[in-house]
Amino acid sequence: MMKLWICLLVELFSMLDSTHGYFNERRSQCIYSSRDLGDMVYIDSYIFNKIEVSWFNSTVGKYQGYSPYGIYNAELWNNDTAYMQSERADVDNFCKHNAEIYYTAIIDKSVEPQVEVKLVKKSDGSHPAMLMCSAYSFYPPLIKVTWLRNGKEVKGGQTSTEEMADGDWYYQIHSHLEYTPESGEEISCVVEHASFKKPMSYKWDPSMSEPDKSKIAIGASGLVLGVVLSAAGFIYYKKKSSGRILVPT
């Protein structure tokens, strides 16, 4: 199973007194990592001149102070029943509410990757060959790419790029595998992504490399074009010949 992101929602309220140089900040944080939001933690911090003086942690259920000023306020707030009920309710009313909106609008939406497996370097006997498995235009960025050789996961000889942003909300990733070709072997690239119900396997076809396929395609296109032009020239010649009138000399 792929790990979920650790998500952090932050709400800031800052106040600066430029005359006396005081800076007050209130920071409300929602920290969670599971999709069901069952591990949600709400932290409400008060910061004075960049030093945290008190905070509320939903796992503790009350305020704690870290300075004389913070301790005084923490005791005052902890004795305010209505205020503490409001703070504890913010786990659901503020954190889970906004996190669900975030998941529904962004995270839960997914786009399947376009996957291509190709040979990028042939083996010359002394050096191994290299395959590349590329996944393009997928979302969200969390993805896992592995290699199978004859049904078993390959443990070494592979490198992978990070998930790279295309700049249009989509991502791409490229995984390389070095291997020594063997007769009758089967190599596959396996991709796991949120858009798939199960891991998808993409088999490498060693019968013909991509450059060779391109050469054949170009050659076939040229041959077809030559035949078409020859046929057109022959038809034109026949029409011109049938329209001539022979005059005896």
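Provided above is the structure to which this section pertains.
The notes below deal with the structure included here. (Residues numbered from 1 in each chain as written. Predicted model: local features only at pLDDT ≥ 70, side-chain atom pairs only at ≥ 80, totals over all residues. Heavy atoms only, no water.)

### Some points on the side chain of serine 54
Counting through the fold element by element, serine 54 comes out in strand β4 (residues 51-57). Residue serine 54 is classed as buried on the basis of its relative accessible area, which comes to 1%. Not counting residues up to four positions away in its chain, the partners in contact with serine 54 are Asp44, Ser45, Tyr46, Gln64, Gly65, Tyr66, Gly70 and Trp77. (Helix = DSSP H or I, 4+ residues; strand = E, 2+ residues; numbered from the N terminus. Buried < 20%, exposed > 50% of the residue type's maximum accessible area, 1.4 Å probe, protein only. Contact = heavy atoms within 4.5 Å.)

### Brief notes about the sheet that holds strand β13 (residues 187-193)
Read from one edge to the other, the open sheet built from four strands follows the order β9-β8-β13-β14, with strand pairing classed as antiparallel. Sheet topology places β9 (152-153) and β14 (200-203) at the edges, where each strand pairs with a single neighbour. Here strand β8 (residues 143-149) runs beside β9; their pairing, made up of two bridges, is antiparallel. Paired with leucine 148 across the strands is glutamate 153, a residue of β9. (Pairing = 2+ DSSP bridges.)

### Things to note about helix α1 (residues 68-78)
The periodicity of an α-helix, 3.6 residues per turn, causes residues three or four places apart in sequence to face the same way. Within α1 the residues assigned to the buried category are Gly70, Asn73, Ala74 and Trp77. Viewed along the axis of α1, the buried residues span an arc of 105°, placing them on a single side of the element. Across from the buried face of α1, at angles greater than 90 degrees, the exposed residues are Pro68 and Tyr72. In the core, the buried residues of α1 are packed alongside β3 (41-48), β4, β5 (62-65) and α2 (81-107). (Arc of directions from axis to C-beta.)

### Quick word on α2
For α2, with 27 residues, the first-to-last C-alpha span of 37 Å sits near the 39 Å given by 1.5 Å per residue. Roughly 50° is the biggest bend found in α2, and it falls at alanine 89. Those residues of α2 that sit buried are Met84, Glu87, Asp90, Val91, Phe94, Cys95, Ala99, Tyr103 and Ile107. (Expected span 1.5 Å × (residues − 1). Bend = angle between axes of the 7 residues up to and from the residue.)

These figures come from the coordinates and say nothing about function on their own.
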